[in-house]
Protein chains: 2
Amino acid sequence: MALNAVKRDIPSRIEGYGNTGEKLFEGAFARKPEGFRASAMMRSRGPNDPTKFLGSVKEAIAASGLKSGMTISFHHHLRNGDFIVNQVLDECAKAGIRDLTLFPTALFGVHKAIIPHIKSGVVRRIMGSVNGPIGQLVSEGGMEVPVVLRSHGGRPRAVIAGDVHIDVAFIAAPTADVGGNMSGRAGKSACGSLGYAFTDAEYANCVIALTDNLQHYPIAPISIPGTFVDFVVQVGVIGDPDGIVSGTTRVTRDPLRLLIARHASKLIEASPYFKDGLSFQTGAGGIPLAVTAFMKEAMKRRRVRGGFGLGGITGYFVDLLKEGLLKKLMDVQSFDHEAVESISSDPRHIEISADWYANPWNCGAAVNELDVVILGATEVDMNFNANVNTEADGALLHGIGGHQDTAAGAKLTIIAQPLLRGRIPCVVDSVHTVTTPGEAIDALVTEFGVTINPRRRDLIDACGEAKGKNAVPLVPLDELAERAKRMSGPMSPLRQGDRIVGIVEWRDGTVIDVVRQIFPENISS
Amino acid sequence: MALNAVKRDIPSRIEGYGNTGEKLFEGAFARKPEGFRASAMMRSRGPNDPTKFLGSVKEAIAASGLKSGMTISFHHHLRNGDFIVNQVLDECAKAGIRDLTLFPTALFGVHKAIIPHIKSGVVRRIMGSVNGPIGQLVSEGGMEVPVVLRSHGGRPRAVIAGDVHIDVAFIAAPTADVGGNMSGRAGKSACGSLGYAFTDAEYANCVIALTDNLQHYPIAPISIPGTFVDFVVQVGVIGDPDGIVSGTTRVTRDPLRLLIARHASKLIEASPYFKDGLSFQTGAGGIPLAVTAFMKEAMKRRRVRGGFGLGGITGYFVDLLKEGLLKKLMDVQSFDHEAVESISSDPRHIEISADWYANPWNCGAAVNELDVVILGATEVDMNFNANVNTEADGALLHGIGGHQDTAAGAKLTIIAQPLLRGRIPCVVDSVHTVTTPGEAIDALVTEFGVTINPRRRDLIDACGEAKGKNAVPLVPLDELAERAKRMSGPMSPLRQGDRIVGIVEWRDGTVIDVVRQIFPENISS
């Protein structure tokens, strides 16, 4: 065991993961890359070679040379509407393939259908975000090998640095042609950006495009060129449109959450970043969307014209673009119909890969250019460390997303969250799991006001200067913690096992925390 | 010495190039890749790292770590208007850097300014197309190390396969932002597609963007993301607009050339490829443009709607797109103002990299999907081998361009050329230099008619079926050769030295021919 830089005890060896000696988290920007990028197997294809168009997923699996023990990857742009992961694993099981490492960008509720394949040994290991039922299974010890969680930037970093090598990438493509050119913009399963799939296409030894909208060569625009794609398969439907994109994402109507959003908006307005060129990311949650709405109001009032909006893009951001309050959108993931429509028609709405969005090991990801990001957390502790992965019962139910990346990149990282969720405090002495270290978090905003990380003296001063209607209600962290304890009453300590079921990597590939098995008696509900 | 598949004697070792034993040309599709793609050094850049924006080329050279003996690369999208190659080499010379390998996609007349740097040893080796004065210098023995010529597809193949590793890529960018995102679409030096620069950006250890149009982060659209770019330098002007793009490219008015174009057009119309979905590449020469004009007429007359136009794109292709006779354009190089305007505004006009365009060692380049290509040649011989590199005096004055790639990829490869240029025959017993093997060439069209490669019995039959106004005048190759000999009179044999001054690689990296030193008395006029 050894303590890492956020004082977590990390075993020197973790079964199913490896030695951690060289991989202890040392600080948000401590680790630098060495050596050369990994790469994929070279392939060639001439004009007389057989077509890459195959009749079924089964044929494609056979043609890819996929074997037991290999690593397969998927993107999560179809979210809870995805039909591809389940279908591919069903076919793998039928083909007698076992011990696969599943390397999705994220799994959702719909993927609970693969639980039998985990239990039967078709899937031996998962590296990727496990939202919901698979996370619950993992938390209760349902997999022999720990899950490895990486951020949106940490995942492409791991591929490019050679930590993970993808044998076969299965890429769901809402539009594709027989040459394998892919796009998410059109088709009945349109999802907009294909941002999470780019690195997989570039670094996998074999790439299979699965589409329900096959077009003549070449489609336009093209997100991922067919030069990376070995096989193209037409399937009936790649996903359920209702699960892929939501209707218009909605601002919260809850007065408590609106109050939090109002506080956050005041903090941004008081900060030095609220000026022409302001860039920000707010994501799709109720509070962040409300912050966007308040910022829009403030930008209009103070005649501030923003620069770019980043990340998962919603209709709220599209409106800001249309109204000239933002000049560009950089879109790694399109959350709703408005975003899909916009990325398909407006050249100022730029599709970016997850590498481009957030990888710390390239020549400069978009998150580095970010002024402000609004994030959530299940817990924040007295060192401003944030937990987004585990719930109060210790269950590993959420992925990291872009949390680490934007927190590290943005000039002002705000966690906006109610002080309690039900009876459970969001401010604690020490978070159950460190997802993002306090050094990357600048402020916590709750219904009781704005709590600024003491290392950001400049922000505290800036808030002090805001007066009258613009005054920012500052609350020290210890006062907030006291209040949380009073309100929640005594919490019984969490009983957990020794067995490590999950590894949380910092975006640079070091281990920032581990997640241990939980016991059924913890489970809240 | 050993004979390769086109019966050229290739020395087993070539000074300054290496052993050729494993690299003898074996046939257009014989060689397949093995192993993994090469890669670039990993770099990282965090939000607190110093800016990548530097004040001068000199500073950028210093920051890049460029040292004597290294390899530097450039693209030729600024063509004969390029100011960057000369400027960078001047600064390298001032910095005392020597023995550089210059790896441009192509050099033009304007680059004769680097001849002093070749003579003084700043540049030791050139790998790339040498059009004009540098070719003349090389031909006369002005460089110690032979020039290596590669096709537009062969060059990215060489980089991706690791045959060439780029230490520093200097990328002229008509538009860029401080994050290094680049585009050729806008700015006073707009050149449209940046197709030749993509692979360099992805595989170089250090990438420097040089721009005369610096914009706020992020520009849109973005061709090459800043994630690959280490440094950004603002320079006064990157090029001379008159040399970068031409005004409207023009169809020939020469009756002889128009006749050739008419014959070629009839051949295409008689071929099985003249139907809906027809894809073709014609380039920017006078005859090919006339073929485009005739094909447009034929497509309208026979109500054929084409698929895509490929390659270097001209206003003629843009017109076909606008009129609905082509559905898409795939643009590796924009030849004129109309093409630049179109790629900037029409999403059906797709920017493609040279790798995507033509690399034989990826999962399928665009050339593979091509139905018809019209090419030129300085000579074609009795085996249909074509020479595009050397002139009648043996001087190495032209690059390969996409000749090999499109010839290998297209279903119908036509060389359209007058039988004589001045008194010099274009059909000869054996070409001076084999650029493209006869197995990849289907027809030669001269003012005397259409000569079909006998291995294309199907085409000969198809032409035989075309009657009346559509009749295709067929001429056997030996009759054409006889006629050429009669018309040109006896040619004195070319005297050349033993020393190898140039290597012509086939697109798969094998040696298809070598070019030897010429003597001044050869030089015509």
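Residues numbered from 1 in each chain as written. Chains lettered and ligands numbered in written order. Predicted model: local features only at pLDDT ≥ 70, side-chain atom pairs only at ≥ 80, totals over all residues. Heavy atoms only, no water.

The next subject is the overall build of chain A. Looking only at helices and strands, one finds 15 helices and 32 strands in chain A. For 525 residues, the compact-globule formula gives about 24 Å, and the C-alpha radius of gyration of chain A, at 23 Å, lands near that figure. Across its three principal directions, the C-alpha atoms of chain A cover 75 × 55 × 45 Å. Looking at the 525 residues of chain A, the share that counts as buried comes to 65%. The long-range share in chain A, meaning contacts at least 24 apart out of those at least 6 apart in sequence, stands at 73%. Carbon and sulfur atoms provide 51% of the accessible area of chain A, an area that totals close to 18,100 Å². For chain A, the distance from the average site of its 55 positive side-chain charges to the average site of its 57 negative ones is 3 Å. (Helix = DSSP H or I, 4+ residues; strand = E, 2+ residues; numbered from the N terminus. Rg over C-alpha atoms; globule rule 2.2 N^0.38 Å. Buried < 20%, exposed > 50% of the residue type's maximum accessible area, 1.4 Å probe, protein only. Contact = heavy atoms within 4.5 Å. Areas by Shrake-Rupley, 256 points an atom, 1.4 Å probe, with all protein chains shown as cover. Lys, Arg positive; Asp, Glu negative; His and termini not counted. Charge placed at Lys NZ, Arg CZ, Asp CG, Glu CD.)

Listed per partner, the contact involves 56 residues of chain B and 55 residues of chain A. Summing both partners gives a buried area of about 4,800 Å² for chain B against chain A, and 61% of it is carried by carbon and sulfur. If you look at where chain B meets chain A, you find zero salt bridges. Those elements that place two or more of their residues in the side of chain B that touches chain A are β20 (328-334), α12 (354-358) and α13 (403-409) of chain B. (Buried area = accessible area lost by both parts, 1.4 Å probe. Salt bridge = Lys/Arg side-chain N within 4 Å of Asp/Glu carboxyl O.)

Okay, the confidence of the model for chain A next. Per-chain confidence: chain A averages 96 in pLDDT, with 99% of residues scoring 70 or above. Of the two predicted TM-score estimates for the complex, the pTM is 0.97 and the ipTM is 0.97. (pLDDT = per-residue confidence, 0-100.)

What follows covers the relation of the copies chain B and chain A. With an RMSD of 0.0 Å, the fit of chain B onto chain A corresponds to turning through 180° and sliding 0.0 Å along the axis. Such values leave the two copies arranged in the relation of a two-fold axis. When C-alpha distances to the rotation axis are compared across chain B, the minimum falls at Ser39 of chain B, with a value of 3.3 Å. Taken together, the interface assignments show that 98% of the residues at the interface of chain B recur at the interface of chain A, consistent with an identical surface on both copies. (Least-squares fit on C-alpha atoms with pLDDT ≥ 70 in both.)

Residues and elements named next belong to chain B. Considered for burial, the residues of helix α11 (residues 337-345) that qualify are Ala339, Val340, Ser342 and Ile343. Seen along its axis, α11 keeps its buried residues to an arc of 165°; they face one direction. Those residues of α11 that are buried are in contact with β19 (308-313), α10 (315-322), β20 and β21 (349-351). (Arc of directions from axis to C-beta.)

Next up on the list: the sheet that holds strand β14 (residues 182-183) of chain B. With mixed pairing, three strands are arranged side by side in an open sheet as β14-β13-β16 (chain B). Since the sheet does not close on itself, it has two edges, and those belong to β14 and β16 (214-215) of chain B, each with one partner. (Pairing = 2+ DSSP bridges.)

Moving on, we get to the pattern of salt bridges. All names here are of chain A. This model, assessed by the stated rule, comprises 50 salt bridges over all chains. Residue Arg456 pairs with Asp442 through a salt bridge whose shortest N-O separation is 3.1 Å. Within this pair, whereas Arg456 is found in the loop between β30 (449-452) and α14 (457-465), its partner Asp442 is found in the loop between β28 (427-428) and β29 (443-446), the two being separated by 14 residues in sequence. Grouping residues by exposure puts Arg456 and Asp442 together as buried.

Take the packing of aromatic side chains next. Counted by the stated rule, this structure contains eight aromatic pairs over all chains. Residues Phe25 of chain B and Trp506 of chain B carry aromatic rings whose centres are separated by 5.6 Å and whose planes lie at 70° to one another, so their mutual orientation is edge-to-face. Taken together, the residues span a long stretch of sequence, with Phe25 of chain B in the loop between β4 (18-19) and β5 (53-54) and Trp506 of chain B in the loop between β31 (496-505) and β32 (511-518) at a distance of 481 residues. Here Trp506 of chain B falls in the buried class, since its relative accessible area comes to 1%. It is Arg155 of chain A that lies over the ring of Phe103 of chain A; its NZ or CZ is 3.9 Å from the centre. The cationic tip of Arg495 of chain B hangs over the ring face of Phe519 of chain B; the distance from NZ or CZ to the ring centre is 4.4 Å. (Phe/Tyr/Trp six-rings, centres within 6.5 Å; stacked < 30°, edge-to-face > 60°. Lys NZ or Arg CZ within 6 Å of the ring centre and 35° of its normal.)

All names here are of chain A. Position of Asp381 relative to the elements: it lies in strand β23 (residues 379-381). An unpaired buried charge is present at Asp381: no salt bridge exists, and Arg8, the closest side chain of opposite charge, is 4.3 Å distant. With residues near it in sequence (within four places) discarded, Asp381 still touches Arg8, Val428, Asp429, Ser430, Val431 and Leu477.

Another point: unusual backbone geometry. Omega for the bond connecting Ala220 of chain A with Pro221 of chain A falls within 30 degrees of zero, at -5°, which places this linkage in the cis form. Looking at the secondary structure, you find Pro221 of chain A in the loop between β16 (214-215) and β17 (231-234). With an omega of -15°, the peptide bond between Tyr217 of chain B and Pro218 of chain B qualifies as cis. With respect to the element layout, Pro218 of chain B can be found in the loop between β16 and β17 (231-234).

Attention now goes to the sheet that holds strand β12 (residues 168-173) of chain B. All names here are of chain B. In spatial order, the strands read β5-β17-β15-β12-β6-β7-β9; together these seven strands make up an open sheet with parallel pairing. Since the sheet does not close on itself, it has two edges, and those belong to β5 and β9 (123-126), each with one partner. Sheet topology note: the strand β15 (residues 206-211)/β17 ladder contains four bridges and is parallel. Counterpart to Leu210 in the pairing with β17 is Val233. On the sheet, helix α2 (residues 84-94) packs against β6 (71-74), β7 (100-104), β9, β12 and β15 and is oriented at approximately 155° with respect to β6. (Axes fitted to C-alpha atoms, helices over the stretch in contact; angles between N-to-C directions.)

Residue and element names in this part refer to chain A. Each assigned domain of chain A is listed with its residue range as follows: domain 1 (50-127 + 164-244) and domain 2 (255-494). Across the boundary between the two partners, domain 1 contributes 14 residues, which contact 13 residues of domain 2. A combined buried area of about 1,100 Å² lies between domain 1 and domain 2, and 46% of that area is made up of carbon and sulfur atoms. Its largest share of buried area at the contact with domain 2, domain 1 owes to Arg185, Ser193 and Tyr196, together 46% of the area lost on that side. Between domain 1 and domain 2 we count one salt bridge in total. Close ionic contact of Arg185 with Glu351 constitutes a salt bridge, the shortest N to O distance being 3.2 Å. Our enumeration of links across domain 1 and domain 2 arrives at 13 residue pairs in polar contact (both at pLDDT 80 or more). (Domains from an automatic or database assignment. Polar contact = N/O pair within 3.5 Å; in protein donor to acceptor, adjacent residues only side chain to side chain.)

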